[in-house]
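Structural overview for review
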Amino acid sequence: MKNIVIFGAPGAGKGTQSDYIVERYGLTHISTGDLLRKEIADQTELGKRIKSIMDAGQLVSDDIVIEMIDNAIGRDTKGILFDGFPRNVAQAEVLDQLLAKHGRTLTCMVRLDVPREELIRRMLERAKTSGRSDDNEETIKHRLVEYENKTLPVAAYYNKQGKELKINGLGDIKRISEDIAHAIDSI
Ligand code: AMP
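Just so it is clear, the model here is predicted, and its values are computed rather than measured. For every chain, the first residue of its written sequence is number 1, and the numbers climb from 1 along that sequence. Given that the model is predicted, a residue must reach a pLDDT of at least 70 before its local features are reported, and side-chain atom pairs must reach 80 or more before they are shown or counted; all residues, however, enter totals for whole chains, interfaces and linings. The side-chain numbers reported here are obtained from all heavy atoms of the structure, hydrogens and water having been left aside.

Before going further, it helps to examine the overall build of the protein. A run of H or I in DSSP becomes a helix once it reaches four residues, and a run of E becomes a strand once it reaches two; helices and strands are each numbered from the N terminus. A tally of regular secondary structure across the protein gives eight helices and five strands. Beginning at the N terminus, the succession of helices and strands in the protein can be written as β-α-β-α-α-α-β-α-β-α-α-β-α. What the globule rule says is 2.2 Å times the number of residues to the power 0.38, and the radius of gyration is computed from C-alpha atoms. The globule rule puts the C-alpha radius of gyration for 187 residues at 16 Å, and the 16 Å found for the protein is close to it. For the protein, the C-alpha atoms occupy an extent of roughly 40 × 40 × 30 Å along the three principal directions. Within the protein, buried positions represent 47% of all 187 residues. Contacts were defined at the residue level, with two residues in contact if any of their heavy atoms lie within 4.5 Å. A sequence separation of at least 24 residues applies to 74% of the contacts in the protein between residues at least 6 apart. Partly exposed describes any residue whose relative accessible area lies between the buried limit of under 20% and the exposed limit of over 50%, with all areas from a 1.4 Å probe on protein chains only and scaled to the type maximum.

Structural data, given as structure tokens:
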């Protein structure tokens, strides 16, 4: 059973490549961003609390996403692709503990590398159709700062464990998918 983290800056193509990985390896796709947006759309108590944080491009508190991930691992039987989680080193440490609690380990982390200018270009393009309130120039800048300050150290965390698979996220979508499959299959 594979348990994989897909990692990269906002706009790196995590969503697109997640679809491919989930299909190829028969995994359950868990996107914390999607789960949080659903809370907002459903106007739950949690949704009301997190909307302004997400609209500002900041990370919501660890407790909230960790509970979601714990529940997801508990329910799953196939293996999970974690998308948008972990977003900081504390979350990465908790993920290792939660997987261990359920008798699992992380197979690998797939890291999509895309230059900053291209990330901004893609997100502004996506903003035209996404309907996401955090896809505007101001919030995009905040999201990238959060990524650089808090999320990027997660890559070093997995690198130290020998689990980081670096993929060039620039270019043809199909080529990127093939590079990912090749890297995962070579483990
Ligand atoms: P995403 O869809 O992954 O780009 O996430 C959108 C927003 O949801 C982020 O800017 C954060 O506000 C929030 N979010 C998603 N995943 C996490 C996480 N693991 N930890 C904290 N906040 C998160």
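A pair is scored as a salt bridge if a Lys or Arg side-chain nitrogen falls within 4 Å of a carboxyl oxygen belonging to Asp or Glu. As enumerated under the stated definition, the model contains 20 salt bridges in all. Between Asp 134 and Arg 132 there is a salt bridge whose closest N-O contact spans 2.9 Å. The exposure class assigned to Asp 134 is buried, which follows from its relative accessible area of 8%. With a relative accessible area of 22%, Arg 132 lands in the partly exposed category.

Moving on, we come to the sheet that holds strand E2 (residues 28–31). Note on pairing: two strands pair once DSSP finds at least 2 bridges between them. In spatial order, the strands read E2-E3-E1-E4-E5; together these five strands make up an open sheet with parallel pairing. In this open sheet, the two strands that pair with only one neighbour each are E2 and strand E5 (164–168). Here the strands of the sheet are splayed against their neighbours by 20 degrees on average, with no regard to which way each runs. Together, E2 and strand E3 (80–83) form the strand contacts of helix H2 (residues 32–41), whose direction differs from that of E2 by roughly 65 degrees. Fitted lines through C-alpha atoms serve as axes, helices being fitted only where they are in contact, and the angles separating the N-to-C directions of these axes extend from 0 to 180 degrees.

Stacked, tilted and edge-to-face pairs are distinguished by plane angle, under 30 degrees for stacked and over 60 for edge-to-face with tilted covering the rest, among Phe, Tyr and Trp rings (Trp via its six-membered ring) whose centres lie within 6.5 Å. A complete count under the given rule lists two aromatic pairs for this structure. Residues Tyr 157 and Tyr 158 carry aromatic rings whose centres are separated by 5.2 Å and whose planes lie at 80 degrees to one another, so their mutual orientation is edge-to-face. The class of Tyr 158 is buried, set by a relative accessible area of 0%.

Throughout this document, a residue counts as near a molecule or strand when at least one of its heavy atoms sits within 4 Å of that molecule or strand. The local shell around the ligand holds 16 residues, among which Thr 32, Arg 37, Gln 58, Gly 84 and Gln 91 are the closest. Whenever two N or O atoms come within 3.5 Å, that pair is a polar contact, provided that in protein one can donate a hydrogen and the other can accept it, and provided that, for residues adjacent in sequence, both atoms are side-chain atoms. A distance of 2.9 Å separates an oxygen atom of the ligand from a polar atom in the side chain of Arg 37. Side-chain polar atom of Arg 132 to an oxygen atom of the ligand: 3.3 Å apart, as the coordinates give it. Among the elements that line the shell around the ligand, the one with the most residues is H2, at four residues. Under the scheme applied here, ten amino acids are nonpolar (Ala, Val, Leu, Ile, Met, Phe, Trp, Tyr, Cys and Pro), four are charged (Asp, Glu, Lys and Arg), and all others, including Gly, are polar. Split into classes, the residues belonging to the shell around the ligand amount to six nonpolar, five polar and five charged.

Okay, the environment of Ser 61 next. When you line up the elements, Ser 61 lands in the loop between helix H3 (45–55) and helix H4 (62–75). For Ser 61, a relative accessible area of 37% translates into the label partly exposed. The sequence separation of Ser 61 and Gly 162 amounts to 101 residues, and the corresponding C-alpha distance is 28 Å.

Nothing here speaks to function; it is all geometry.
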